[in-house]
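Here are the chains, one letter per residue:
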Amino acid sequence: MRDRMVVSIVRFALPLAFLVCAQPSSAQNTTHTAAQPGAPDGVGLLFHKLELLLQQNNRDDFPALLSTSDITGAEAEQATDDLFSYETTRAVVQERDRTQLESALPGDGYHVIVEIMTETAARARVLTARFDVRRPRGGDVDSWRIIDITRLTFVQGLYRLRLDTATQYAAREFTIRAQDVQFTLHSGNVFQVVSGEGVTGLILLGRGEMRFSPGPQTEKGQLRIFSGSETLTTLFGAAFVRVHPADFETRVDVSGLRAMPADPRQAKRAQDVYAVEAPKSFNIDLRDLSRETWYILPQTGDFLAEVRTNKFGTLTYSRSGGNAEDVTLFDRSRRRAISLYASPTTLAVRGATYNEDELRTYDVIDYNVDTMVYPDRQFIEGRTRVTLRVQADAAATLTMRLAEPLAVTSVISSDFGRLLFFRIRNDDSLIVNLPVSAQRGTMMTLDIAYSGRLPTQELDRETVSLQGQQDEDVDTEPMLKGEPNFLLSSRAAWYPQNVVTDYARARIRITVPEGYACVASGQLTPGDVSLRDAATMTGGHSYVFNANQPVRYFAMVVSRMTPVASTVTEAHGRSNQLAINVLANPRQIARGRDIAPVAADIMKFYGGMMEDTPYESLTIAMLEHDVPGGHSPAYFAIINNAAPFSRLYWGNDPSAFAGVPEFFLAHELAHQWWGQAVGWKNYHEQWISEGFAQYFSALYAQRAHGDASFFAMLRQFRRWSLSESDQGPIDLGYRLGLIQGQGRIFRAIIYNKGASVLHMLRRFVGDEAFFNGLRRFYGDRKFQKAGTDDFQRAMEATSGRSLQRFFDRWIHGTDLPTLRYSSTIRPGEVTVLFDQDSRMIFDVPVTVTLQYADGHVQDVLVPISEAHVEQKIPTSGTVRDVQINRDSAALARFNES
Ligand SMILES: [Zn+2]
């Protein structure tokens, strides 16, 4: 998903113009024949004639293509008006699908789906229509005639943009403003970019200055990391700006511009900037209909600027209404969001927090994925049936996410037959056009066929920046050596899916070549591993996985693996048994056997603690990577074992715990509850996956290895939290460390600070309220997405106290408290004093440890929730020493006063 955040400014409802006889198509009941390759047959010839007539605006000869006995004069006139335009400069007619016409003898009549693109000088439109064609018995290739035309979908609003190089506008202190940003051309020249609707863009050349000052405090902090200042002020030599033509009329003050004939050198510069910057956005891929660059217009109120700054390279600013976070500053070359937030206008509409699910157009109920996988070539060929329900008030288009390298061959709806679709260049979007606007609640099934080369998804934290908010629970760095595997998970968009993760059930059939095995999200259906009768893959095996419980995203991994162990452990909830299977790469077979009982123990422990086991089976793939780590989609987990020849040093990382050998396994398995069964409602809430999984793995370490292991983990959580916490709050999600390109910062804060905060919360509200609250939160949000506010509510309910300040400080804030303390030892009593900054009070439970002369040790929990706290601790002997925060549980800095 490249540049999703920026490209998603292409927020379209493609205008749906005239229309529509949306007759249910019979397409799904009939066999489809591909259009004949090679020399055109009679049908092909007929459409070739139509194409020529359209090109020549030759209306007069069009009726000759119609069957006069089937089409009345009035109908013919209407069809002519629909298809022909005097302004047409180019036309393309592409046959997409052909099925036998019921009323004709075999081979003598067809329903033919065609796409017709007609272009004028400034714009284009695409019509999808069903033509029924027939020839008389025994007729020759020239005897085919059209007997009926049904318009299916129609798309207009595609524009050809043009840079006006004839006129330049001399500018002095020319200023354009958008939300929190101002572009001033102190002196220079402006060129206009025109569309059929008016001016939609500008090229600014000369001595320019960009001034960007985001409102939110967190964003100021991120901008400071990026530029050294909370306001970005930078010079630029060139910029490209896009707006809707109506906005240009009303919002751009052109009074300071002086028109003059263009200087050829300036015009050439403007052309160079335009050629590079314009196609980066609002650009539609029309596949074989046109090789030209076609654009849609930005929505009114939206704004985009590609700014060639002197210091920071090209920065992209965009304001895109309708996005939950409508203001972005983006560095395309490094694929990093620098700023991403909601403007006050958007905040007023949507409130302080949002659930990405509420913004989606539709809800997927079920996926049926059938994919052939060629791991050597990293090539897949798939067909997916998506059953969905429209969630928006009305939907004229459905946008899906599918990896850009996958070429889509067809989108067929159960109700409408073949549908028109588009891809957006440089983006994973697949936009499906509906013939009629679908109302809320409409159920629909889309059958989508696609294929292409898709690189394996690397488990690479450092490149989280590439993927933005869709990134999932990937806990390691790239494999450099070892047994190769082909992993396609949440980032890969390897099947057509909703634009945000979407809980759905699925049946997934994956066919792999001889010698390979596959693990995917779902329970492997026994006996379904069978030879596939596909000629394209001789000797392959099919695996069928059923996800009977809702899953957020589906993943698969193909590698050379063999089944090495299977066991059963105690489960809670729907079933009291959980089946665990382990597959392993050849060199990992022994480890795979060893891990099965440990996995069983971990799953039993978590299931007991949560009183629920979300998925009915678990498969573990023991793979090889140069660095240890893992990944845990629903129903399975990948554990990467260091390949024998790994030379990377990994120990000094926030998520390496030397003393806890099964750390990665325990962390990954916890994701079945956190991250999978309960998802995060937007990227700000990623800690609900990673922080919770991290804390659960510490709880398991404590149960398996005792307090020493647990305290060692707490110590490491604290150390990393202290060292990296000034990089941003937990609720910055994947953006932590993004600007610097350091995944370590993300892990330090989301994983370790997140886990530490959970432990403090537990000590703040007590074990009973904490674990009840966890179960309540989990139960409320199971198979849904959740946010910190949901968690806070659950914890407030079970603890009976307000936790607003706790979450404000620890999750939404960046600062950590500094506590000054002193202790006084008197006979029979120890007094401890704590002070913190009264302007920003934290709730921090602190362990005070009394060391008695006789060697025994007493831990006392002192809850600190005020600026000044004095606690008297009765003692039962001679106290030799008082220690503060011995267990590293408090995320505070301590100064003895
Ligand atoms: Zn994780």
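Residues numbered from 1 in each chain as written. Predicted model: local features only at pLDDT ≥ 70, side-chain atom pairs only at ≥ 80, totals over all residues. Heavy atoms only, no water.

1. Here's the deal with the overall build of the protein
Next, step 1: Helix and strand counts for the protein stand at 16 helices and 45 strands.
Next, step 2: In the protein, which comprises 897 residues, the share counted as buried stands at 60%.
Next, step 3: In the protein, 72% of the contacts between residues at least 6 apart in sequence involve partners at least 24 apart.
Next, step 4: Just so you have it, the protein exposes about 33,400 Å², and 48% of that area is on carbon and sulfur atoms. (Helix = DSSP H or I, 4+ residues; strand = E, 2+ residues; numbered from the N terminus. Buried < 20%, exposed > 50% of the residue type's maximum accessible area, 1.4 Å probe, protein only. Contact = heavy atoms within 4.5 Å. Areas by Shrake-Rupley, 256 points an atom, 1.4 Å probe, with all protein chains shown as cover.)

2. Quick notes on the packing of helix α9 (residues 589-610) against helix α10 (residues 663-670)
Next, step 1: Where α9 contacts α10, the axes come no closer than 10 Å and their chain directions differ by 45°. Viewed along their axes, α9 and α10 adopt a mutual orientation that is oblique. For the pair α9 and α10, the sense of crossing is right-handed. Of α10, the residues touching α9 (which contributes Ile595, Val598, Ala599, Ile602, Met603 and Tyr606) are Leu665, Ala666, His667, Leu669 and Ala670.
Next, step 2: Across the contact of α9 with α10, the residue classes break down as 10 nonpolar, 1 polar and no charged. (Axes fitted to C-alpha atoms, helices over the stretch in contact; angles between N-to-C directions. Parallel < 35°, antiparallel > 145°, perpendicular 65-115°, else oblique. Left-handed = near helix turned anticlockwise from the far one by under 90°. Nonpolar A, V, L, I, M, F, W, Y, C, P; charged D, E, K, R; others polar.)

3. Digging into the sheet that holds strand β34 (residues 617-625)
Next, step 1: In space, the 5 strands of this open sheet follow the order β32-β33-β34-β36-β35, with mixed pairing throughout. Both outer strands of the open sheet, β32 (562-570) and β35 (629-631), are each paired with one neighbouring strand and no more. Across the sheet, the mean angle separating the axes of adjacent strands is 20° when strand polarity is ignored.
Next, step 2: Bridge count between strand β33 (residues 577-584) and β34: 6 bridges; the pairing is parallel. The residue bridging Leu583 from the neighbouring strand is Ala621, located in β34. (Pairing = 2+ DSSP bridges.)

4. Re the sheet that holds strand β25 (residues 485-488)
Next, step 1: The strand order across the open sheet formed by 3 strands is β25-β31-β27, and the pairing between neighbours is antiparallel. Of all the strands in the sheet, just β25 and β27 (517-520) have a single pairing partner and so form its edges. The mean angle between the axes of side-by-side strands here comes to 10°, regardless of whether they run parallel or antiparallel.
Next, step 2: Where β27 lies against strand β31 (residues 556-559), 4 bridges are found, and the strand directions are antiparallel. Counterpart to Ala517 in the pairing with β31 is Ser559.

5. A closer look at the pattern of salt bridges
Oppositely charged side chains can pair when the atoms bearing their charge come close.
Next, step 1: Evaluation of the coordinates by the stated rule reveals 50 salt bridges.
Next, step 2: Ionic pairing is found between Arg160 and Glu292, a salt bridge with its closest N-O pair at 2.7 Å. Of the two residues, Arg160 sits in the loop between β4 (145-159) and β5 (162-163) while Glu292 sits in the loop between β11 (283-285) and β12 (294-295), which places them 132 residues apart along the sequence.
Next, step 3: When salt bridges that share partners are traced, they join Glu356, Asp357, Arg360, Asp363, Asp502 and Lys785 into one network. (Salt bridge = Lys/Arg side-chain N within 4 Å of Asp/Glu carboxyl O.)

6. Some points on the pairing of strand β40 (residues 829-835)
Next, step 1: Across 7 bridges, strand β39 (residues 818-826) lies against β40 in antiparallel orientation. In the sheet register, Arg820 faces β40, and the bridge partner there is Asp835.
Next, step 2: The antiparallel pairing of β39 with β40 creates a hairpin that spans 2 residues between the two strands, and Gly828 there sits at a positive phi of about 80°.
Next, step 3: Bridge count for β40 against strand β43 (residues 868-874) is 7 bridges, and the pairing is antiparallel. Looking at the pairing, Asp835 lines up with His868 of β43.

7. Focus on helix α3 (residues 73-83)
Next, step 1: Those residues of α3 not exposed but buried are Ala76, Ala79, Thr80, Asp82 and Leu83. One face of α3 carries all of its buried residues, which in axial projection span an arc of 165°. In α3, those exposed residues whose orientation departs by more than 90 degrees from the buried face are Gly73, Ala74 and Glu77.
Next, step 2: Along its buried surface, α3 packs onto α2 (42-55), β2 (109-119), β3 (123-134) and β4. (Arc of directions from axis to C-beta.)

8. Quick word on the environment of Ser802
Next, step 1: For Ser802, the position within the fold is in the loop between α15 (788-799) and α16 (804-810).
Next, step 2: Each C-alpha atom, one on Ser802 and one on Gln792, is 8.7 Å from the other, the two residues being 10 residues apart in sequence.
Next, step 3: A polar side-chain atom of Ser802 sits 3.4 Å from the main-chain amide nitrogen of Gln804. (Polar contact = N/O pair within 3.5 Å; in protein donor to acceptor, adjacent residues only side chain to side chain.)

9. So, the packing of helix α11 (residues 687-705) against helix α13 (residues 743-765)
Next, step 1: Orientation of α11 relative to α13, taken along the N-to-C sense of each, is 65°, at an axis distance of 7 Å. Here α13 runs roughly perpendicular to α11, going by the angle between their axes. Every pair of crossing elements has a handedness; the one defined by α11 and α13 is right-handed. Counted together, Trp687, Glu690, Gly691, Phe692, Gln694, Tyr695 and Leu699 of α11 and Ile750, Tyr751, Asn752, Gly754, Ala755, Leu758, His759 and Arg762 of α13 form the full contact between these two elements.
Next, step 2: Taken together, the residues that form the contact of α11 with α13 break down as 8 nonpolar, 5 polar and 2 charged.

10. A look at unusual backbone geometry
Next, step 1: For Phe282, which is not glycine, the phi dihedral falls at a positive 60°.
Next, step 2: Mapped onto the elements of the fold, Phe282 is located in the loop between α6 (264-277) and β11.
Next, step 3: Assessed through its relative accessible area of 2%, Phe282 is described here as buried.
Next, step 4: Positive phi, normally seen in glycine, also occurs at Phe783, with a value near 60°.
Next, step 5: Within the secondary structure, Phe783 sits in the loop between α14 (767-781) and β38 (784-786).

11. Points about the side chain of Thr371
Next, step 1: One can find Thr371 in strand β17 (residues 362-374).
Next, step 2: Residues contacting Thr371, with those up to four places away along its chain left out, are Ile380, Glu381, Gly382, Tyr450, Trp494, Arg509, Ile510 and Thr511.

12. Quick word on α13
Next, step 1: Across its 23 residues, α13 extends 32 Å between first and last C-alpha, which sits within 8% of the 33 Å expected from 1.5 Å per residue.
Next, step 2: Following α13 by one or two positions, Gly766 has its phi on the positive side, about 95°. (Expected span 1.5 Å × (residues − 1).)

13. Describing the packing of aromatic side chains
When we look at a pair of aromatic rings, we describe it by the centre distance and by the angle of the planes.
Next, step 1: As enumerated under the stated definition, the model contains 45 aromatic pairs in all.
Next, step 2: Ring centres of Phe240 and Tyr274 lie 6.3 Å apart, and the angle between their planes is 70°; this geometry places the pair in the edge-to-face category. With a gap of 34 residues between them, Phe240 in strand β9 (residues 232-243) and Tyr274 in helix α6 connect regions that are remote in the sequence.
Next, step 3: Judged by relative accessible area, Phe240 falls into the buried class, the value being 0%.
Next, step 4: Ring centres of Phe764 and Phe806 lie 5.7 Å apart, and the angle between their planes is 15°; this geometry places the pair in the stacked category. One end of the pair, Phe764, is in helix α13; the other, Phe806, is in helix α16, with 42 residues separating them in the sequence. (Phe/Tyr/Trp six-rings, centres within 6.5 Å; stacked < 30°, edge-to-face > 60°.)

14. Describing the nonpolar core
Next, step 1: One finds Trp494, Tyr606, Trp674 and Phe834 to be the most contacted residues of the largest nonpolar core, which totals 180 residues.
Next, step 2: Per element, the largest residue contribution to this core is 12 residues, and it comes from α13.
Next, step 3: Counting residues in hydrophobic clusters, the runner-up holds 36 residues, among them Phe174, Ala178, Met210 and Ala239. (Core = buried A, V, L, I, M, F, W, Y, C linked by side-chain atoms within 4.5 Å.)

15. Points about the environment of Arg425
Next, step 1: Looking at the secondary structure, you find Arg425 in the loop between β22 (421-424) and β23 (429-439).
Next, step 2: Apart from residues lying up to four places away in sequence, Arg425 is in contact with Asn283, Ile284, Asp285, Glu292, Thr293 and Glu404.

16. Here we look at the pairing of β25
Next, step 1: Side chains of β25 alternate between two faces, with Asn485 and Leu487 and Phe486 and Leu488 buried alike.
Next, step 2: Sheet topology note: the β25/β31 ladder contains 4 bridges and is antiparallel. Bridge assignment links Leu487 to a residue of β31, and that residue is Val557.

17. Details of the confidence of the model for the protein
Where the model shows low pLDDT, its predicted coordinates should not be examined in detail.
Next, step 1: Residues of the protein with pLDDT of at least 70 account for 90%, and the chain-wide mean is 88.
Next, step 2: The low-confidence segment residues 1-38, where pLDDT is below 50, has 118 contacts with residues more than four positions distant or belonging to other chains.
Next, step 3: Long-range and interchain partners of residues 460-472, a stretch whose pLDDT sits below 50, account for 54 contacts in this model, where long-range means more than four residues apart. (pLDDT = per-residue confidence, 0-100.)

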